[in-house]
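Topology and contacts: notes
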Amino acid sequence: MFQETYYQFIQSSMAKAYEENKEAIEQAAKMLYETEVSGHRIYTFGTGHSHMIGEDLYGRAGGYAKIYPIMEIEMTLLTHPTKSTKLERTPGYADVLDVLYELQEGDTIIAASNSGRNPLVVEYILRAKEKGVKIIAVTSLEHSKASASRHESGKKLFELADIVLNNMAPLGDAGVAIGEEVAMGPISTISGCFLAQCVIGRMVELLQENGKETPVFWSSNKDGGDEANKELFEKYVIKKI
């Protein structure tokens, strides 16, 4: 049955993602630690379904409060299922993001893109690197290496990143065949969120080990959660948007 095969596929892929990325997770966590202690910002970036990796880190129970997502509604699927696909193939939209988000030297972006090939992600990350921003990529190396870049530079996300987290998604993402022509069961969001949470959690450990502030949200549905979160939202979220 599909559910059994998908479960086995997820188990195998997640195990591979953890084992292959152990060193990269530690490196990324240390990079974010240095970003934090030097007074700079941690951003997330992604379009289409990839935006969910950044959203999973942002403003939620167990989430680090000082995460700043580069996430406009047009980059998601909330208003039209193909709008973000069109947008991620439009490099000029980086001009809009440049106005909305003031990236500075010393900041770090966690950039998620399964293929890493589309013009917007490549263009925006190229601009970020020119500003001295560090890049942590969450991507599928199998998919990306099998695909040609759609940006005029010929570059893909993993080639621009300082650190690469391989989400282990197969070419096309869906990993379970149903018959000869149908494949379902994507993995990139599940493994991408897992890897990103590993990095952020390890960074918070490093902050605690070194006596630094660790502002982490409670669940708002836990008694006392609203009160505990109020100060964090006012300090790090609402006034920063």
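Here the structure is shown first, and the text comes after it.
Quick look at the structure, then.

Conventions we followed
Residues numbered from 1 in each chain as written. Predicted model: local features only at pLDDT ≥ 70, side-chain atom pairs only at ≥ 80, totals over all residues. Heavy atoms only, no water. Helix = DSSP H or I, 4+ residues; strand = E, 2+ residues; numbered from the N terminus. Rg over C-alpha atoms; globule rule 2.2 N^0.38 Å. Buried < 20%, exposed > 50% of the residue type's maximum accessible area, 1.4 Å probe, protein only. Contact = heavy atoms within 4.5 Å. Areas by Shrake-Rupley, 256 points an atom, 1.4 Å probe, with all protein chains shown as cover. Pairing = 2+ DSSP bridges. Axes fitted to C-alpha atoms, helices over the stretch in contact; angles between N-to-C directions. Right-handed = clockwise from strand over helix to strand, strands pointing away. Salt bridge = Lys/Arg side-chain N within 4 Å of Asp/Glu carboxyl O.

**Section: the overall build of the protein**
Of regular secondary structure, the protein possesses nine helices and seven strands. On C-alpha atoms alone, the protein measures out to a radius of gyration of 18 Å, which is about the 18 Å that the 2.2 N^0.38 rule sets for 241 residues. Counting only C-alpha atoms, the protein reaches 55 × 40 × 35 Å along its principal axes. Classification of the 241 residues of the protein by burial places 49% in the buried group. Once local pairs closer than 6 in sequence are excluded, the contacts in the protein between residues at least 24 apart make up 76%. Total accessible area computed for the protein in this model is approximately 12200 Å², and 51% of it derives from carbon and sulfur atoms.

**What about the sheet that holds strand S5 (residues 163-166)?**
Taken in spatial order, the five strands make up an open sheet running S2-S1-S3-S4-S5, and their pairing is parallel. Single-partner strands in this sheet number two, and they are strand S2 (67-70) and S5. Between one strand axis and the next, the sheet turns by 20° as a mean value, whatever way the strands run. With four bridges connecting them, strand S4 (residues 134-139) and S5 associate as parallel partners. Note that in S5 the partner of Ile 136 across the bridge is Ile 163.

**What about the pairing of S2?**
In S2, alternate side chains face the same way, and those of Ile 67 and Pro 69 on one face and Tyr 68 and Ile 70 on the other are all buried. Handedness of the strand S1 (residues 42-46)-helix H2 (residues 51-57)-S2 crossover: right-handed.

**A few points about the pattern of salt bridges**
Side chains bearing opposite charge may pair, as long as their charged atoms lie close to each other. As enumerated under the stated definition, the model contains 13 salt bridges in all. Its salt-bridge partner being Asp 56, residue Arg 60 comes within 2.5 Å of it at the nearest N-O pair. By relative accessible area, which is 39% here, Arg 60 ends up partly exposed. A relative accessible area of 19% means that Asp 56 is categorised as buried. Residue Arg 127 pairs with Asp 95 through a salt bridge whose shortest N-O separation is 2.9 Å. One end of the pair, Arg 127, is in helix H5 (residues 119-130); the other, Asp 95, is in helix H4 (residues 94-100), and 32 residues separate them in sequence. Put simply, Glu 26, Lys 30, Arg 202, Glu 205 and Glu 209 are held in one network by salt bridges that share partners.

**A word on unusual backbone geometry**
The backbone of Met 168 shows a phi angle near 70°, a positive value even though the residue is not glycine. Inspection of the secondary structure assignment puts Met 168 in the loop between S5 and strand S6 (176-178). Its identity is not glycine, yet Asp 173 carries a phi of approximately 75°, on the positive side. Its location among the elements puts Asp 173 in the loop between S5 and S6.

**Some remarks on helix H9 (residues 225-237)**
By the burial criterion, the buried members of H9 are Gly 225, Asn 229, Leu 232, Tyr 236 and Val 237. Against S2 lie the buried residues of H9.

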